[in-house]
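Observations on chain architecture
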Amino acid sequence: MPSIIFASPKGGAGKTTSALILATQIAKQGIAVTIIDADPNHPVKRWAKGGGTPEKLTIVSDVTEANIADQIEEAAGKTPFVVVDMEGTAATIVAYAIAEADFVIIPTQGSQLDAEQASNALRLIRAHERGIQKHKPDYKLPYAVLFTRTSAAITSRDTKFIRKSFEEAGVFYFRTELNERAAFKAMFSFRQPLEALNPAEVSNIPKAIENAEAFTSEVIERIRSAKATPDKEKVA
Ligand SMILES: Nc1ncnc2c1ncn2[C@@H]1O[C@H](COP(=O)(O)OP(=O)(O)OP(=O)(O)O)[C@@H](O)[C@H]1O
Ligand SMILES: [Mg+2]
């Protein structure tokens, strides 16, 4: 506990990158974490072939629609954190994972089209909530939208507009964004965690680490504050 699901039906929204950043940063703090590599392309398993997997990070890749709920539950019994990387579709498996979630993160790039896809992920959360609210009217599944690949230097007009519409619609988003950074891409090309990248080959690694740490702190803080609200209940 908790199980954190990265979901967005938009392909390339930044789910795998953000999930791996979160999981490796948690592991770096000495906290055991499982990452469930629920995308059939197994991007995390491929990343792990680089040999830089932190000691506290376990990767589970044997995931199907039939076993995802069990895999999440089993992992939650073994490590304090479970991070689930979903494939970029509106597949049923995503709904199964959301049913097991304690927290959902919806990565989105700051364009209108992406924001619409984020709203589709929000609809899945609402549908899950409605199911539970039949017997527990106050139930809410905590979630947050995460802006990814944004510029570290400037906030685009599009992003500003989307933030404002999310605020008006009462949609929560993380204040920390995962900016577009060479180091975040390089984690996958070199198959290493950020901390193991070579500064001679990749620019601005310390800034990327700082960004990753700030994101991880905000996620943990948000989960803590959501936990403090006593209307959380998991599906039986
Ligand atoms: N913050 C970032 N900075 C730089 N590149 C990024 C960032 N986030 C994602 N990318 C790049 O964008 C592409 C898509 O990212 P990623 O694979 O994380 O998305 P995804 O949502 O998991 O995609 P899919 O739906 O295909 O699983 C990749 O090439 C990745 O390296
Ligand atoms: Mg992915």
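Everything below is about the structure printed above this text.
Conventions adopted
- Residues numbered from 1 in each chain as written.
- Chains lettered and ligands numbered in written order.
- Predicted model: local features only at pLDDT ≥ 70, side-chain atom pairs only at ≥ 80, totals over all residues.
- Heavy atoms only, no water.
- Core = buried A, V, L, I, M, F, W, Y, C linked by side-chain atoms within 4.5 Å.
- Buried < 20%, exposed > 50% of the residue type's maximum accessible area, 1.4 Å probe, protein only.
- Helix = DSSP H or I, 4+ residues; strand = E, 2+ residues; numbered from the N terminus.
- Contact = heavy atoms within 4.5 Å.
- Arc of directions from axis to C-beta.
- Axes fitted to C-alpha atoms, helices over the stretch in contact; angles between N-to-C directions.
- Parallel < 35°, antiparallel > 145°, perpendicular 65-115°, else oblique.
- Left-handed = near helix turned anticlockwise from the far one by under 90°.
- Nonpolar A, V, L, I, M, F, W, Y, C, P; charged D, E, K, R; others polar.
- Salt bridge = Lys/Arg side-chain N within 4 Å of Asp/Glu carboxyl O.
- Phe/Tyr/Trp six-rings, centres within 6.5 Å; stacked < 30°, edge-to-face > 60°.
- Near = heavy atom within 4 Å.
- Polar contact = N/O pair within 3.5 Å; in protein donor to acceptor, adjacent residues only side chain to side chain.
- Areas by Shrake-Rupley, 256 points an atom, 1.4 Å probe, with all protein chains shown as cover.
- Patch = residues over 30% accessible without salt bridge, like charges linked within 9 Å, V, L, I, M, F, W, Y side chains within 5 Å.
- Lys, Arg positive; Asp, Glu negative; His and termini not counted.
- Charge placed at Lys NZ, Arg CZ, Asp CG, Glu CD.
- Pairing = 2+ DSSP bridges.

1. Comments concerning the nonpolar core
Ranked by size, the top nonpolar core spans 37 residues in total, and within it Ile4, Leu22, Ile105, Leu194 and Phe215 carry the most contacts. Considering every element that reaches this core, the biggest residue donor is helix α8 (residues 205–227), with 8 residues. When sequence neighbours within four positions are dropped, the list of residues in contact with isoleucine 105 reads Ile4, Ile5, Phe6, Ala7, Leu22, Ala144, Leu146, Phe174, Phe215 and Val219.

2. Structural notes on helix α4 (residues 92–100)
All buried positions along α4 are accounted for by Ile93, Val94, Ala97, Ile98 and Glu100. Buried residues of α4 fall within an arc of 155° about the axis and therefore sit on the same side. On its buried side, α4 packs onto β1 (3–6), α3 (68–78), β5 (103–109) and α5 (112–133).

3. A look at the packing of α4 against α5
Two measures define how a pair of helices packs: the angle their axes make with one another and the distance between the axes. As a packed pair, α4 and α5 sit with axes 10 Å apart at the nearest point and diverge in direction by 55°. Considering their axes alone, α4 and α5 lie oblique with respect to each other. Here α4 runs over α5; the crossing is right-handed. Every residue of α5 that contacts α4 at Val94, Ala95, Ile98 and Ala99 is listed here: Leu124, Ile125 and His128. Within the contact of α4 with α5, the residues separate by chemical class into 6 nonpolar, 1 polar and no charged.

4. As for the pattern of salt bridges
Across all of its chains, the model carries 10 salt bridges by this definition. Lysine 28 is the salt-bridge partner of glutamate 213, the closest N and O atoms lying 2.7 Å from each other. Here the residue glutamate 213 occupies a position in helix α8, and lysine 28 occupies one in helix α1 (residues 15–28), the gap between them amounting to 185 residues. Residue lysine 28 is classed as partly exposed on the basis of its relative accessible area, which comes to 37%.

5. With respect to the packing of aromatic side chains
A full pass over the atoms with the stated rule returns 5 aromatic pairs. Centroid distance phenylalanine 147 to phenylalanine 166: 6.1 Å. Interplanar angle 40°. Geometry classified as tilted. With phenylalanine 147 in strand β6 (residues 143–150) and phenylalanine 166 in helix α6 (residues 157–168), this pair connects stretches of sequence that are 19 residues apart. Judged by its relative accessible area of 0%, phenylalanine 147 falls in the buried class. The interplanar angle of 75° and the centroid separation of 5.6 Å between the aromatic rings of phenylalanine 147 and tyrosine 173 together place this pair among those described as edge-to-face.

6. Some points on the site of ligand 1
For ligand 1, the set of nearby residues contains 17 residues, the closest of which are Lys15, Thr16, Thr17, Arg149 and Asn179. Take glycine 14: an N or O atom from its main chain is 2.9 Å from an oxygen atom of ligand 1. Arginine 181 is positioned with one of its backbone polar atoms (N or O) 3.0 Å from a nitrogen atom of ligand 1. Computed on the free molecule, ligand 1 has an accessible area of 620 Å², of which 78% lies beneath the protein chains in the complex. Sorting the residues of the shell around ligand 1 by element identifies α1, β7 (178–179) and α7 (182–189) as the ones contributing at least two each. When residues in the shell around ligand 1 are grouped by element, the largest group, 3 residues, is from α1. Taken together, the residues that form the shell around ligand 1 break down as 3 nonpolar, 7 polar and 7 charged.

7. Section: a positive patch on the surface
Residues Lys45, Arg46, Lys49 and Arg191 make up a contiguous surface patch of positive charge. As for its position among the elements, lysine 45 is in helix α2 (residues 43–48). Accessibility expressed as a relative area gives 43% for lysine 45, which makes it partly exposed.

8. A few points about the sheet that holds β7
Sheets are built from strands that pair by backbone hydrogen bonding, the pairs being arranged parallel or antiparallel. The parallel open sheet is built from 7 strands, whose spatial order is β3-β2-β4-β1-β5-β6-β7. Bordering the open sheet on either side are β3 (57–60) and β7, each of which pairs with just one other strand. Here 3 bridges tie β1 to β5, and the two strands are oriented parallel to one another. Residue pairing for β5: isoleucine 4 is matched across the bridge by phenylalanine 103. Running at roughly 150° to strand β4 (residues 81–85), α3 makes contact with β1, β2 (33–37), β3 and β4 of the sheet. Sitting on the sheet, α5 touches β5 and β6, and the angle it makes with β5 is about 165°.

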